[in-house]
Amino acid sequence: KAGVTQTPRYLIKTRGQQVTLSCSPISGHRSVSWYQQTPGQGLQFLFEYFSETQRNKGNFPGRFSGRQFSNSRSEMNVSTLELGDSALYLCASSRAAGGVNNEQFFGPGTRLTVL
Amino acid sequence: DAKTTQPPSMDCAEGRAANLPCNHSTISGNEYVYWYRQIHSQGPQYIIHGLKNNETNEMASLIITEDRKSSTLILPHATLRDTAVYYCIVRVAGYGGSQGNLIFGKGTKLSVKP
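Structure report, in brief.

## Things to note about the state of the cysteines
Residues and elements named next belong to chain B. Under the counting rule described, the total for this entry stands at two disulfides over all chains. Here C22 engages in a disulfide with C88; their sulfurs sit 2.1 Å apart. Taking the sign of the torsion about the S-S bond as the criterion, the disulfide between C22 and C88, at about -80°, is left-handed. Taken together, the positions of C22 in strand β2 (residues 18-23) and C88 in strand β8 (residues 84-92) put the pair 66 residues apart, joining distant regions of the chain. Of the two residues examined, C22 and C88, each falls in the buried class. The cysteine C12 is free of any disulfide, with C22 supplying the nearest cysteine sulfur at 18 Å. The exposure class of C12 is buried, given its relative accessible area of 8%.

## A look at the pairing of β8(B)
Residues and elements named next belong to chain B. With respect to burial, β8 is a largely interior element, eight of its nine residues being buried. Of the strand pairs in this sheet, strand β3 (residues 31-38) and β8 are connected by eight bridges, and their pairing is antiparallel. Along β8, the bridge assignment pairs R37 with Y86. Relative to strand β9 (residues 108-113), β8 runs antiparallel, the two sharing three bridges. Residue pairing in the sheet places Y86 in a bridge with T108 of β9.

## Digging into the pattern of salt bridges
Residue and element names in this part refer to chain A. A full pass over the atoms with the stated rule returns six salt bridges over all chains. One salt bridge in this structure joins E82 and R63, with 3.6 Å as the shortest N-O distance. One end of the pair, E82, is in the loop between β8 (74-78) and β9 (87-94); the other, R63, is in the loop between β6 (53-57) and β7 (64-68), and 19 residues separate them in sequence. Residue classification places R63 among the buried positions, given a relative accessible area of 16%. The salt bridge partner of R67 is E75, with a shortest N-O separation of 3.3 Å. The class for E75 is buried, based on a relative accessible area of 16%.

## Regarding the packing of aromatic side chains
Per the counting criterion, the structure on display carries 11 aromatic pairs over all chains. An angle of 90° between the planes, with centres 5.8 Å apart, marks the rings of Y35(A) and F104(B) as edge-to-face. Residue Y35(A) is located in strand β4 (residues 31-38), and its partner F104(B) is located in the loop between β8 and β9; the two belong to separate chains. Taken individually, Y35(A) and F104(B) each receive the classification buried, so the pair is uniform in this respect. Here the aromatic rings of F106(A) and F104(B) are separated by 6.2 Å at their centres, their planes lie at 75°, and the arrangement is edge-to-face. Highlighted residues: F106(A) in strand β10 (residues 105-106) and F104(B) in the loop between β8 and β9, drawn from two different chains. With respect to class, F106(A) is no different from F104(B); both count as buried. Of the aromatic side chains, those joined through ring pairs into one cluster are Y35(A), F45(A), F106(A), Y36(B), Y46(B), Y87(B) and F104(B).

Parameters and conventions
- Residues numbered from 1 in each chain as written.
- Chains lettered and ligands numbered in written order.
- Predicted model: local features only at pLDDT ≥ 70, side-chain atom pairs only at ≥ 80, totals over all residues.
- Heavy atoms only, no water.
- Disulfide = S-S within 2.5 Å.
- Helix = DSSP H or I, 4+ residues; strand = E, 2+ residues; numbered from the N terminus.
- Buried < 20%, exposed > 50% of the residue type's maximum accessible area, 1.4 Å probe, protein only.
- Pairing = 2+ DSSP bridges.
- Salt bridge = Lys/Arg side-chain N within 4 Å of Asp/Glu carboxyl O.
- Phe/Tyr/Trp six-rings, centres within 6.5 Å; stacked < 30°, edge-to-face > 60°.

Right, dumping it as C-alpha cells:
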C-alpha cells in the first residue's frame, strides 16, 4: 500500500513569511506526528495528532502549529519564519497513538529553506 | 533528552555482521527498546523493537542484556545499502500522553565498506 506522502518536497521562503506543509498518512492510520530535523539539533518531536486532536506537543514556540482533518491528513504551519526554521520536516503515521506494536512510518520529508 | 547512548560512528565490511551497541542504563521496567535507521536524505525507517527477550525479524536481530541496561542491534550480513544512521530509542509503549513520541538521540553512523 502507499506510504506516507508529504508535499511539497522542497520549499524556499523568506524571513517573515509563513508556510504550510501537508502530510497524508498511510491508509487506515489515524495518528500523525511531526518532527523537525536540523544538523545542529537532530530529530526533534514537534507534535502529534490523533482523531483530529493534538495529543502532545514538543518544546517549540507557538509559531509552529498543526491540525488534522477527519480523513487523518495533517498540515503543519509555521508563521513568521526565521532563518533557524530551515530544516527537514518529517511526518510519521501510525495506526494509533502509542501501543507496543505500533511503529511509526515516516514520509520523505519537506526540505524548507528560509532566506 | 534521549535516554540512550550510542557510539557516533562505526565501520563494517560488506557481507560481515554489523553489531551496533546501545546503552540505556536508566531504562524503566515498562520501557521498550526501538531501533530506527535513516538513510541519507530519507525519513527514518523502523527496524525492530523489544522489551526483554531477544527479537529477530527479516531485517535484524535485537539482543537485550538480562539487566536491560544495554542492547545490540545485529545486521547479520551488512550490505552497502545498510549505510545509514541508526537510532536506538527507549519509550513507554502505552497509550496516551507522550507515549507515542519518539525521542531521537544522535545515533550511530554506520558505514558499510566494500
